[in-house]
Amino acid sequence: MKKFKGIFPALVTPFDKEGEISPEAVEKLVENCLEKGVSGFYVGGSTGESYLLSVEERRRMLELVMKAVGGRADVIANIGVFSTKQGIELAKHAESLGVSAVSSVPPFYFPFSMEEYVRYYNDLADSVDVPVIIYNIPAMSGITFRTEDIQRFFSNEKIIGMKHTSYDLFQLERVLKKYPDKSIFCGHDELFLSASVIGVQAGIGSSFNFMAEKFVKIRKLVTENRWQEAAVIQGEANAVIEALTKVGVFKGVKAALKLQGIDCGECRRPFVPLEEGQVQYLKEVLEKNHCL
């Protein structure tokens, strides 16, 4: 069983001036992240505005990332949709491109039972030969996976891990303890160092798009038991993340990238562009915390 470690940017989906996916920006973004030492990429997640894309656009984005990466890093494709049928179709497409794993948020909006969620993930796992990673993100999905639910998912050996985008560090520690061979990702950038203390060795994050080097450095310092130095860098990152939450995380990430010279366009409507004052505020925070 492959165990994923390291820093995985949850990639934005770059758009050009016409609102179409920009192959040039995708390539530039991927190269920039690789130069900063990331271990892989998470494609098609919340940061990538996946639910504002058509199915064909989701396929296209993944194809562009796979081409840009060229086998130099792992790629995890989030194929989460409402229906099992569409999820399997996207999973098979991802598998055909050679991804390292597929991931999925639980189908939401409809009030499915936990039995139906378990069936959903098992159906995904049984449909492809690449491993499956569940996505625990209660704040956005409205679904809370209890530790006993996670145990049911992990009973399928093809379900090899979890993206834990939850502030429940107690649950995270219990899962790490019980499943040392599973790939457990911290999904909250601001908690990365705290999660590292209890054993997390991988993270998937929005801010990694433009400041992956901070988290790569935190991982290195942790392995060297240089916790105070790691805390300083996490503090810088958290100051930036605090600013992102004030202006809008996904819009703020794209604005930060543009300030760094990688224009990924605006987020799609109903998102509206940042105001000039918000961009200036974000720029000042980025400068103060060594991101520009």
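Our structure's up above, just so we're on the same page.
Not measured: the values here are computed from a predicted model. (Residues numbered from 1 in each chain as written. Predicted model: local features only at pLDDT ≥ 70, side-chain atom pairs only at ≥ 80, totals over all residues. Heavy atoms only, no water.)

**Examining the packing of aromatic side chains**
Applying the stated rule across the entire model yields 19 aromatic pairs. With 5.3 Å between their ring centres and 90° between their planes, phenylalanine 82 and phenylalanine 108 make a pair best called edge-to-face. A residue pair is termed long-range when its members are at least 10 positions apart, and phenylalanine 82 in the loop between strand S3 (74–78) and helix H3 (84–97) and phenylalanine 108 in the loop between strand S4 (101–104) and helix H4 (114–127) qualify at 26 residues. Between the aromatic rings of tyrosine 117 and phenylalanine 145, the centroid separation amounts to 6.4 Å while the plane-to-plane angle is 75°, which identifies the pairing as edge-to-face. Here phenylalanine 145 lies in the loop between helix H5 (138–141) and helix H6 (147–154) and tyrosine 117 lies in helix H4, a separation of 28 residues in the sequence. Phenylalanine 145 shares its class with tyrosine 117; the two are buried. Linked through ring pairs, Tyr109, Phe110, Phe112, Tyr117, Tyr120, Tyr121, Phe145 and Phe153 together constitute an aromatic cluster. The ring of tyrosine 51 has arginine 58 sitting right over it, with the charged end atom 5.7 Å from the ring centre. The ring of tyrosine 42 carries the charged tip of lysine 163 above its face, separated from the ring centre by 5.6 Å. (Phe/Tyr/Trp six-rings, centres within 6.5 Å; stacked < 30°, edge-to-face > 60°. Helix = DSSP H or I, 4+ residues; strand = E, 2+ residues; numbered from the N terminus. Buried < 20%, exposed > 50% of the residue type's maximum accessible area, 1.4 Å probe, protein only. Lys NZ or Arg CZ within 6 Å of the ring centre and 35° of its normal.)

**Remarks on the sheet that holds strand S8 (residues 202–205)**
Reading across the sheet, the 8 strands line up as S1-S8-S7-S6-S5-S4-S3-S2 and stay open at both edges, with parallel pairing between neighbours. Here the strands that pair on one side only, and so sit at the sheet edges, are strand S1 (6–9) and strand S2 (40–43). In this sheet, neighbouring strand axes are inclined to one another by 25° on average, regardless of whether the strands run parallel or antiparallel. In this sheet, S4 lies alongside S3 in parallel orientation, the contact comprising 3 bridges. Bridge assignment links alanine 77 to a residue of S4, and that residue is valine 102. (Pairing = 2+ DSSP bridges. Axes fitted to C-alpha atoms, helices over the stretch in contact; angles between N-to-C directions.)

**Regarding the pattern of salt bridges**
Under the counting rule described, the total for this entry stands at 14 salt bridges. A salt bridge links lysine 254 to glutamate 49, with the shortest nitrogen-to-oxygen separation between them at 2.8 Å. With a gap of 205 residues between them, lysine 254 in helix H11 (residues 249–259) and glutamate 49 in the loop between S2 and helix H2 (55–69) connect regions that are remote in the sequence. Classification of glutamate 49 by relative accessible area gives buried; the value is 4%. One salt bridge connects lysine 85 with glutamate 89, and the closest N-O pair in it is separated by 2.8 Å. (Salt bridge = Lys/Arg side-chain N within 4 Å of Asp/Glu carboxyl O.)

**As for empty space enclosed by the protein**
Inspection of the entire model under this criterion finds 1 cavity of 30 Å³ or more. What the largest cavity holds in volume is close to 110 Å³. For the largest cavity, the lining is made up of 13 residues, of which Arg58, Arg59, Leu62, Asn78 and Ile79 are closest to its centre. Only H2, S3 and H3 provide two or more residues apiece to the lining of the largest cavity. The leading source of residues in the lining of the largest cavity is H2, at 4 residues. Classifying every residue of the lining of the largest cavity gives 8 nonpolar, 3 polar and 2 charged. (1 Å grid on protein atoms, 1.4 Å probe; cavity = no way out; pocket = protein on both sides within 12 Å on 5 of 7 lines; lining within 4 Å. Points joined across faces, edges and corners; volume = space filled by probe spheres on them. Nonpolar A, V, L, I, M, F, W, Y, C, P; charged D, E, K, R; others polar.)

**A short note on the pairing of strand S7 (residues 183–186)**
On a regular strand, one side chain projects to one face of the sheet and the next to the other, so that they alternate. Neither face of S7 is exposed, since Ser183 and Phe185 on one face and Ile184 and Cys186 on the opposite face are all buried. As judged from the 4 bridges shared by strand S6 (residues 159–164) and S7, these two strands associate in the parallel manner. Paired with glycine 161 across the bridge in S7 is serine 183. In this fold, the crossover linking S6 to S7 by way of helix H7 (residues 169–178) has right-handed handedness. Where S7 lies against S8, 2 bridges are found, and the strand directions are parallel. (Right-handed = clockwise from strand over helix to strand, strands pointing away.)

**As for a nonpolar patch on the surface**
A surface patch of nonpolar side chains, amounting to about 490 Å² of accessible area, comprises Tyr51, Phe82, Tyr109 and Phe110. Within the element layout of this structure, tyrosine 109 appears in the loop between S4 and H4. (Patch = residues over 30% accessible without salt bridge, like charges linked within 9 Å, V, L, I, M, F, W, Y side chains within 5 Å. Areas by Shrake-Rupley, 256 points an atom, 1.4 Å probe, with all protein chains shown as cover.)

**Details of unusual backbone geometry**
For the bond from arginine 269 to proline 270, the omega torsion is 20°, close enough to zero to count as cis. Notably, tyrosine 109 is not glycine yet its phi reads approximately 80°, a positive angle. Despite not being glycine, histidine 290 has its phi angle at roughly 60°, a positive value. Checked against the element boundaries, histidine 290 lands in the segment after helix H12 (276–288).

**Description of helix H9 (residues 208–223)**
An α-helical turn contains 3.6 residues, so a residue and the one three or four places further along point in the same direction. The end-to-end C-alpha distance of H9, which contains 16 residues, comes to just 20 Å, noticeably less than the 22 Å that a straight helix rising 1.5 Å per residue would cover. The sharpest bend along H9 measures roughly 30° and falls at lysine 214. Buried within H9 are the following residues: Phe208, Asn209, Phe210, Met211, Ala212, Lys214, Phe215, Ile218, Leu221 and Val222. Backbone geometry just downstream of H9 places asparagine 225 in the positive-phi region, at approximately 60°. (Expected span 1.5 Å × (residues − 1). Bend = angle between axes of the 7 residues up to and from the residue.)

**Focus: the side chain of lysine 251**
Within the secondary structure, lysine 251 sits in helix H11. Glutamate 266 provides the closest opposite charge to the buried, unpaired lysine 251, separated from it by 8.1 Å. One polar contact links the side chain of lysine 251 to the main-chain carbonyl oxygen of valine 272, over a distance of 3.1 Å. When sequence neighbours within four positions are dropped, the list of residues in contact with lysine 251 reads Cys267, Phe271, Val272 and Leu274. (Lys, Arg positive; Asp, Glu negative; His and termini not counted. Polar contact = N/O pair within 3.5 Å; in protein donor to acceptor, adjacent residues only side chain to side chain. Contact = heavy atoms within 4.5 Å.)

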